[in-house]
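So you can see what is in the structure, the chains are spelled out below.
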Amino acid sequence: MAAPDGKALFMSNCASCHNPFKEATGPALQNMDKSFPNKEWGYKWVHNSSAVIASGDATAVAIYNKFNKTTMTSFPQFSNEEIDAIFKYLDEVKPPTTGPALTPGGGESAPAETNGWLYTVITLSLLVLVIILWRANQGLKRAANEKDNVTNEKEIPLYRSKLVIAIVAILIFIMSGYWLVNGAINEGRMQNYQPLQPIFYSHKVHAGINQINCLYCHAGAEKSRQAMIPSPNICMNCHKQINSYSGDHPLVTAEGKTINGTEQIQLLYKYAGWDPVKKDYNRDAKGNILATPIQWIKIHNLPDHVYFNHSQHVKVGQVQCQRCHGNIEEMDEVYQFAPLSMGWCINCHRQTDVQFTNNKYYSIFEKYHEELKSGKRVGVTEADMGGTECQKCHY
């Protein structure tokens, strides 16, 4: 049996509230196990911290009171070996380093040089040489004809040649038709649309490096038609404690502008109405939090006459977020990855096998279940269940 992966367990279960090196929603966890009364106490704390606090244990009550009486999520499913693996990873992990990489000589590493410009110059030079040689050959041919008393044909400029004019006219007609048809087909589509958002939010840092599950912020994707844009209080669940950016990954815009991550966190505080000095929200006389909604710009837009349900795809169909949104965990600034056209959606319905077996949503399709069991078919697509009918998306 393979040994438990402490890093994977920590990132998927603990990282949303804990940081190995500094306090977050909960305490810094590096060497935290060494402060426990004993190993068995640590197992009980992870399995059910509420029970340990309720027992009146002094260490448990002190931790509970220090962190604003926030009760840690219980993890009864963890074995003692998995808990040991998590703490072993936490005790051995090294803090992130910041700053540019240095060369052995002490200076910053220089970007790798490429020879693309040299190939371009050589190609253009050879093209100019071909034109010169062709013109020289034409001149020598005319001179030879004059010497031999051979009449030279009168040169007709290319722009007056009937053949050239006919070819150019046909090409213009074809290209104009292609441009008009393609423009009409793509009218209203926004593939690669990447607007400037009010706060620079890196999905690569959050969903990629820190492995925060998409559904933590976009909870509606599994439960309703809309995926839901998270409100500032969801961000503040972590950023009440995480008030600076110290990651290795540099934050850079699509235009190449370097972003100060700590300044973006402070900008979040202004929207959320959070005072990082008092560590409390700013309130008016009635106790209402003085927050301002973040005016996020919607990126993925479908026409009003198109019905799309996130839960039907994410929960029922088991479609991964990346299928429509691309490798979101690798994007600093999100852009529209897919065309989201009708043809694109229909092709997906025709080609993609749905999560059909062990799925109660599809239990009524007895014929397909029998065919799968007997081997008459190897999979079921949405098109098999009416996914290409007009009424499926337009009603």
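Right above here is the structure, for reference.
Just so it is clear, the model here is predicted, and its values are computed rather than measured. (Residues numbered from 1 in each chain as written. Predicted model: local features only at pLDDT ≥ 70, side-chain atom pairs only at ≥ 80, totals over all residues. Heavy atoms only, no water.)

Asker: Tell me about the overall build of the chain, residues and numbers included.
Answerer: Helix and strand counts for the chain come out as 16 helices and 2 strands. What you see for the chain is a C-alpha radius of gyration of 32 Å, clearly larger than the 21 Å of a compact globule of 395 residues, by over 25%. Counting only residues that meet the buried cut, the chain has 26% of its 395 residues in that class. Of all intrachain contacts in the chain linking residues separated by at least 6 positions in sequence, the fraction that spans at least 24 positions is 60%. Total accessible area computed for the chain in this model is approximately 27400 Å², and 58% of it derives from carbon and sulfur atoms. Here the chain contributes 37 positively and 36 negatively charged side chains, and the mean placements of these two sets differ by 5 Å. (Helix = DSSP H or I, 4+ residues; strand = E, 2+ residues; numbered from the N terminus. Rg over C-alpha atoms; globule rule 2.2 N^0.38 Å. Buried < 20%, exposed > 50% of the residue type's maximum accessible area, 1.4 Å probe, protein only. Contact = heavy atoms within 4.5 Å. Areas by Shrake-Rupley, 256 points an atom, 1.4 Å probe, with all protein chains shown as cover. Lys, Arg positive; Asp, Glu negative; His and termini not counted. Charge placed at Lys NZ, Arg CZ, Asp CG, Glu CD.)

Asker: Which residues make up unusual backbone geometry, and what are the values?
Answerer: The backbone of N149 shows a phi angle near 60°, a positive value even though the residue is not glycine. With respect to the helices, strands and loops of the structure, N149 is situated in the loop between α6 (116–147) and α7 (162–185). Positive phi values are uncommon outside glycine, yet M228 reaches one of about 80°. Here M228 shows up in the loop between α10 (220–223) and α11 (232–239). On the basis of relative accessible area, M228 is assigned to the partly exposed category, the value being 36%.

Asker: Go over the environment of K286 with me, naming the residues and quoting the values.
Answerer: Residue placement: K286 occurs in the loop between β2 (280–281) and α13 (310–316). Each C-alpha atom of the pair K286 and K270 lies 19 Å from the other, and the pair is 16 residues apart in sequence.

Asker: Any chance you could break down the packing of aromatic side chains for me, citing the residues and the numbers?
Answerer: The final tally for this structure, using the stated rule, is 13 aromatic pairs. On the basis of an interplanar angle of 50° and a centroid distance of 5.4 Å, the ring pair of Y307 and Y395 is categorised as tilted. Placement of Y307 in the loop between β2 and α13 and of Y395 in the segment after α16 (366–374) is noted, with a sequence separation of 88 residues between them. The exposure class assigned to Y307 is partly exposed, which follows from its relative accessible area of 28%. (Phe/Tyr/Trp six-rings, centres within 6.5 Å; stacked < 30°, edge-to-face > 60°.)

Asker: Tell me about the nonpolar core, and name the residues and values.
Answerer: Counting residues in hydrophobic clusters, the biggest one holds 24 residues, and the most contacted among them are F10, W41, W45, F78 and L90. Ranked by residue count, the leading element in this core is helix α5 (residues 80–92), at 5 residues. F78 has contacts with L9, N13, V46, H47, I83 and I86, leaving out every residue within four places of it along the chain. Counting residues in hydrophobic clusters, the runner-up holds 10 residues, among them M236, Y269, W274 and Y281. (Core = buried A, V, L, I, M, F, W, Y, C linked by side-chain atoms within 4.5 Å.)

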